[in-house]
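# Structural features, examined
Spelled out from the first residue to the last, the chains are:
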Amino acid sequence: MKFNTALSVAGAILLNISGSLCQLDVCGQAPLNNKIVGGEDVTAGSWPWQVSIQSGGHFCGGSLINKDWVLSAAHCFQDFGVSDIVMYFGRQSQSGSNPDETYRTASQIIIHPNYNNPELDNDIALVQLSSSVMFTDYIRPVCLAAAGSKFAGGTESWVTGWGTLQPGGQPADILQEVMIPIVSNGDCNNAYGAGITSNMICAGKGGKSSCQGDSGGPVVSRNSSVWIQSGIVSFGAKQCDDPKYPSVFARVSQYQDWITSNIGSNLPGFVEFNNNGFRSSLNLLLFSISLTFSIIPFTFSLYLSS
């Protein structure tokens, strides 16, 4: 019996490692994305993790992080409950045909317990889907910035969404993209006067920014062929195109423990971004594999000595 127990424990560890490796293998891949520069309409499939969150119409964005969960901003759900929202995946146009899309309702919304309104600190939420989505070239999860990730000032980042194209204007019909550089927290805090915390990350330049309706959507940076989400659209200046004020995002890398503790299984792919390349959770997984093979002989010795 002790021998069987030992094998069961080792098998469970290996299965967990295998599942994590599968998630890292699929996240952050956008096979239909061939864009170099942005600020234009997006072609279908360019950002396959982009989610449109709706209640009688689009009101916020989100990002698919595995087959069962969407990451978004806490402030998006101040006026909406679980039964109010529908999430669309693989969508390009808000009015035209989207042959590659699917949709899900929500089974629960988890808002960060330390979310602070109106300061918008810890502006992050998780939405569990009513049923899993199937991955395609048009619907895929994004990789998430792991704890310890560093996004230096000037790092290229991309924001996507159906937000207004100008302050007070109409929401975009076609999914939009714009490339904006990361702005250091020090410079960002100086621009706003105060209020930028370590839980936030900023980006923007020359009037390019996120705007109303982009809230909850992802900001991502690319390392080789892998896209890593650094932030969640949170807030900005009242005039979105004001070049003095960068856009402000919830810093995803601050919430790895919170995300994993709430999701529990089939964890998202966390990748450490440091501007000099990236390290994935594979390092931790390799350690786990090594630990597993050290456990097996130890359990054998316990069995033999009993």
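Residues numbered from 1 in each chain as written. Predicted model: local features only at pLDDT ≥ 70, side-chain atom pairs only at ≥ 80, totals over all residues. Heavy atoms only, no water.

An unreviewed UniProt entry lists the chain under the name Peptidase S1 domain-containing protein, with Cirrhinus molitorella given as the organism.

Right, let's get into the state of the cysteines. Scanning the model with the defined rule gives 3 disulfides in all. The disulfide bridge from Cys27 ends at Cys143, spanning 2.0 Å between sulfur atoms. Classification of the bridge connecting Cys27 and Cys143 rests on its S-S torsion, roughly 85°, and on that basis the disulfide is right-handed. Residue Cys27 is found in the loop between α1 (2-26) and β1 (50-54), and its partner Cys143 is found in strand β7 (residues 143-145); the two are separated by 116 residues along the sequence. What pairs with Cys60 in a disulfide is Cys76, and their sulfur atoms sit 2.0 Å apart. Here the disulfide of Cys60 and Cys76 is left-handed, its torsion about the S-S bond being about -85°. Of this pair, Cys60 sits in strand β2 (residues 58-66) while Cys76 sits in the loop between β3 (69-72) and β4 (86-89), placing them 16 residues apart in sequence. (Disulfide = S-S within 2.5 Å. Helix = DSSP H or I, 4+ residues; strand = E, 2+ residues; numbered from the N terminus.)

With that out of the way, let us pick up the pairing of β2. Summarising burial for β2: 8 of the 9 residues are buried, a large majority. Bridge count for β1 against β2 is 5 bridges, and the pairing is antiparallel. Bridging from a neighbouring strand, Val51 pairs with Gly62 of β2. The loop that links β2 with its antiparallel partner β3 comprises 2 residues. (Buried < 20%, exposed > 50% of the residue type's maximum accessible area, 1.4 Å probe, protein only. Pairing = 2+ DSSP bridges.)

Okay, the confidence of the model for the chain next. With 79% of its residues at a pLDDT of 70 or more, the chain shows a mean pLDDT of 83. The low-confidence segment residues 35-39 (pLDDT under 50) makes 13 contacts with residues lying over four places distant or belonging to another chain. Note on residues 281-306: pLDDT is under 50 here. Beyond four places in sequence and across chains, it has 21 contacts. (pLDDT = per-residue confidence, 0-100. Contact = heavy atoms within 4.5 Å.)

For the rest of this paragraph, the subject is the environment of Ala125. On the secondary structure map, Ala125 appears in strand β6 (residues 125-129). Assessed through its relative accessible area of 0%, Ala125 is described here as buried. Taking the C-alpha atoms as reference points, Ala125 and Tyr115, 10 residues apart in sequence, are found 9.1 Å from one another. Beyond its immediate stretch of four places on either side in the chain, Ala125 contacts Val70, Leu71, Ser72, Ala73, Ala74, Phe77, Ile110, Ile111 and Trp258.

Taken as a whole and assessed by the stated rule, the structure comprises 9 aromatic pairs. Arranged with centres 5.8 Å apart and planes meeting at 75°, the rings of Tyr192 and Phe235 form a pair that is edge-to-face. A residue pair is termed long-range when its members are at least 10 positions apart, and Tyr192 in helix α2 (residues 185-192) and Phe235 in strand β12 (residues 226-235) qualify at 43 residues. On the accessibility criterion, Phe235 (21% relative accessible area) is partly exposed. For the pair Tyr192 and Tyr245, a centre-to-centre distance of 5.2 Å together with 55° between the ring planes defines the contact as tilted. Residue Tyr192 is located in helix α2, and its partner Tyr245 is located in the loop between β12 and β13 (247-251); the two are separated by 53 residues in the primary sequence. (Phe/Tyr/Trp six-rings, centres within 6.5 Å; stacked < 30°, edge-to-face > 60°.)

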